[in-house]
Amino acid sequence: KEWFLEAEKSGAEMDINAFNAIIAAEARVGNLAAAQQWLQRAREAGEEPDLISYTSLISAAAKTCDLKAAQAYMREAIEKGLKPDIIMMNSIISAAAKIGDFKTAENVFQQALEAGLEPTV
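Conventions we followed
One numbering rule holds for all chains: residues counted from 1, following each sequence as written. Local features in a predicted model are, by the rule used here, given only for residues with pLDDT of at least 70; side-chain atom pairs are given and counted only at 80 or more, and totals for whole chains, interfaces and linings are based on all residues. The basis for the side-chain values is all heavy atoms of the structure; hydrogens and waters are excluded. Helix and strand definitions here come from DSSP, where helices need a minimum of 4 consecutive H or I residues and strands a minimum of 2 consecutive E residues; each element is numbered from the N-terminal end. Note on definitions: salt bridges are taken to be side-chain nitrogens of Lys or Arg within 4 Å of carboxyl oxygens of Asp or Glu. Throughout this description, buried means an accessible area under 20% of the type-specific maximum (1.4 Å probe, protein chains only), exposed means over 50%, and partly exposed covers the range between. Expected helix span is taken as 1.5 Å per residue step, with the number of steps being one fewer than the number of residues. In protein, a polar contact requires one atom able to donate a hydrogen and another able to accept it; more generally it is a pair of N or O atoms within 3.5 Å, and residues adjacent in sequence count only if both atoms are side-chain atoms. Two residues form a contact once any of their heavy atoms are found within 4.5 Å. Nonpolar core, defined: a set of buried Ala, Val, Leu, Ile, Met, Phe, Trp, Tyr and Cys residues in which side-chain atoms within 4.5 Å join the residues together.

As for its placement among the helices and strands, M74 is situated in helix α5 (residues 67-79). Separated by 18 residues in the primary sequence, M74 and I92 place their C-alpha atoms 8.9 Å from one another.

Here you go:
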């Protein structure tokens, strides 16, 4: 984060790829709130989230077992015309299974298969 803040202070323009690096880092440690804040900063800077942004947010939500947030980000990605990838699907299946929502896990597993993806969870 420090390098990003220093670059921003120096007047460098940050694109969605730079924001995605921070969002992904926060997602890896399961910090959904921080990932969401960086997404908001990206939007405020005029950057539109892409597939990597949404995949990272869904991963962060799954790590915190926030199935509703993960599903909401998947819906938002689809509404923006993005095609869900296997990482998104695996994350949602995993989150659903962790909280005991096996019906959702099974439904998303089936959706992945129908989309030609092979879930690995």
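Here we come to the pattern of salt bridges. For the coordinates displayed, the defined rule picks out two salt bridges. Here E76 makes a salt bridge to R43, at a shortest N to O gap of 2.3 Å. Pair noted here: E76 is in helix α5 and R43 is in helix α3 (residues 32-44), with a separation of 33 residues, a long-range link. With its nearest N and O atoms 3.3 Å apart, the salt bridge here joins E48 to K80. Here K80 lies in the loop between α5 and α6 (86-98) and E48 lies in the loop between α3 and α4 (51-63), a separation of 32 residues in the sequence. A relative accessible area of 42% places K80 in the partly exposed class.

Let's shift gears to helix α2 (residues 16-28). For α2, built from 13 residues, the straight-helix expectation of 18 Å at 1.5 Å per residue is met to within 8% by its first-to-last C-alpha distance of 18 Å. Inspection of α2 places I16, A18, F19, N20, I22, I23, A24, E26 and A27 among the buried residues, and these make up the whole buried set. For α2, the N-terminal cap is D15; the gap from its side-chain oxygen to the backbone nitrogen of N17 is 3.1 Å. Backbone geometry just downstream of α2 places G30 in the positive-phi region, at approximately 75°.

This brings us to unusual backbone geometry. The phi torsion at C65 lies on the positive side, around 60°, for a residue other than glycine. Within the secondary structure layout, C65 lies in the loop between α4 and α5.

Our next topic: the side chain of N20. The topology assignment puts N20 in helix α2. Polar contacts involving the side chain of N20 include one to the side chain of S53, which spans 2.5 Å. Apart from the residues within four sequence positions on either side, N20 is in contact with D50, I52 and S53.

As a further point, take the nonpolar core. Core analysis: the largest hydrophobic core is formed by 34 residues, its most contacted members being I58 and I92. For this core, the secondary structure elements donating two or more residues are α2, α3, α4, α5, α6 and α7 (102-114). Setting aside residues no more than four positions away along its own chain, I92 makes contact with I58, L67, A70, Q71, M74 and V108.

Treat this as a map of the structure, not an account of what it does.
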